[in-house]
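Chain by chain, the residues run as shown.
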Amino acid sequence: IRSEFTDGTPFVTHKIIIKNLSAGTYEYKVGRDDSYISDVMTFTVVNNPTNFFFFFFSDQQGFRWDEYQIWKDSAKYIADNVDDFSFTINTGDLTQNGNRLNEWLDYYDARKPLRNKEEMTVIGNNDLCPVNTYLLGGGEDDDKLNAINMRYFYTYEMDEENPPVFTLENKEIFIDSLYSFNYGNTHFICVNSEIPINTELKVYGLSTNGQVYAEMENWCERDIDKHSNATWKIAVCHELPFTIVTQYNVNQFYWNGVETKEQRGGSRINTNNTPDHTYWFSKFCQNNGIILAIGGHKHTYAA
């Protein structure tokens, strides 16, 4: 994929997909020509693991190189002190502004200590860029509409029987960061929670909003039905369907003990919908035995 970032930096993304690999550890190198060849790196293919654990990260977003150094120290500490884990999951906001190439590179550079561990991600709102990818954007939420830059940095396995491609208003729409995978007896369903109204209208070119998440509900139902025999089912997204808020914010919905607002907001995945699909993801998780939902966005710990 050939592209150019807003600062004029051209780049090419190369991807290769190799199917039907046997269990084992594989070595590889990447290079451009004789002027650059990487160190030897590895990845591991496993066959039906029974016991495993993974690390979950989120929201390393930074404006500058130095802000990613805490993430680098954390990655190095884990690499130096923990051996027996299988992979990492990142629930988005790897960047502060998804149209700034340096932030992606700073994130990757900081993650080098863990580069031999596979990483599964979902997109965060700050990983988005403007509709016009040649504009840097002002950093405001109204500019964060387009997920295309995530496509340059990650390749997701897609189920050919249930691809993340929807036909709406005679338009074929590919949804980035919508996929699932199995690891041992656990099924992970990874969902894009970052599709605001203007993404549907200005990026996908639809006439009304709410259509994408209605189709995504159907996608999720097909996916979970196909993997109903999994012992454990885990949902992964950037902004969880329920919202962690402070008592102060909760109080803003009331006056003299009476709730004055129609709804408490929450993730777009629950609220940017047609009326018959409102809060569908919360219901989906509850109705399909999802034992754990992990996400980020609020920069708040809760259990």
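The structure reproduced in this document is the subject of the present report. (Residues numbered from 1 in each chain as written. Predicted model: local features only at pLDDT ≥ 70, side-chain atom pairs only at ≥ 80, totals over all residues. Heavy atoms only, no water.)

**So, the sheet that holds strand β14 (residues 232-236)**
For step 1, the next point in the chain: Strand order in this open sheet of 4 strands is β12-β13-β14-β17, and the pairing throughout is mixed. The open sheet has two free edges, formed respectively by β12 (179-183) and β17 (292-294), since each of these has just one partner strand. When the angles between neighbouring strand axes are averaged without regard to direction, this sheet yields 20°.
For step 2, the next point in the chain: As paired elements, β14 and β17 share 3 bridges and run parallel to each other. By the bridge assignment for β17, V236 is matched with I294.
For step 3, the next point in the chain: Across the sheet, helix α5 (residues 211-226) lies against β12, β13 (186-190) and β14, angled at about 170° from β13, the strand it touches most. (Pairing = 2+ DSSP bridges. Helix = DSSP H or I, 4+ residues; strand = E, 2+ residues; numbered from the N terminus. Axes fitted to C-alpha atoms, helices over the stretch in contact; angles between N-to-C directions. Contact = heavy atoms within 4.5 Å.)

**Remarks on the state of the cysteines**
Structurally, a disulfide amounts to a covalent bond that connects the sulfur atoms of two cysteines.
For step 1, the next point in the chain: Evaluation of the coordinates by the stated rule reveals 0 disulfides.
For step 2, the next point in the chain: Note on C237: no disulfide assigned, nearest cysteine sulfur contributed by C285 at a separation of 7.3 Å.
For step 3, the next point in the chain: Overall, C237 belongs to the buried group, its relative accessible area being 0%.
For step 4, the next point in the chain: Residue classification places C285 among the buried positions, given a relative accessible area of 11%. (Disulfide = S-S within 2.5 Å. Buried < 20%, exposed > 50% of the residue type's maximum accessible area, 1.4 Å probe, protein only.)

**Points about the packing of aromatic side chains**
For step 1, the next point in the chain: Under the counting rule described, the total for this entry stands at 26 aromatic pairs.
For step 2, the next point in the chain: Measuring from centroid to centroid gives 5.3 Å for F54 and F87, while their planes differ by 5°, and the two rings are stacked. Of the two residues, F54 sits in the loop between β6 (41-45) and β7 (55-57) while F87 sits in the loop between α1 (69-81) and β8 (88-90), which places them 33 residues apart along the sequence.
For step 3, the next point in the chain: On the basis of relative accessible area, F87 is assigned to the buried category, the value being 3%.
For step 4, the next point in the chain: Clustering of aromatic rings is evident, with ring pairs tying together F53, F55, F57, W71, F85, W104, Y107, Y108, F153 and Y154.
For step 5, the next point in the chain: Across the ring face of F85, the terminal group of K117 is positioned such that the distance to the ring centre comes to 4.7 Å. (Phe/Tyr/Trp six-rings, centres within 6.5 Å; stacked < 30°, edge-to-face > 60°. Lys NZ or Arg CZ within 6 Å of the ring centre and 35° of its normal.)

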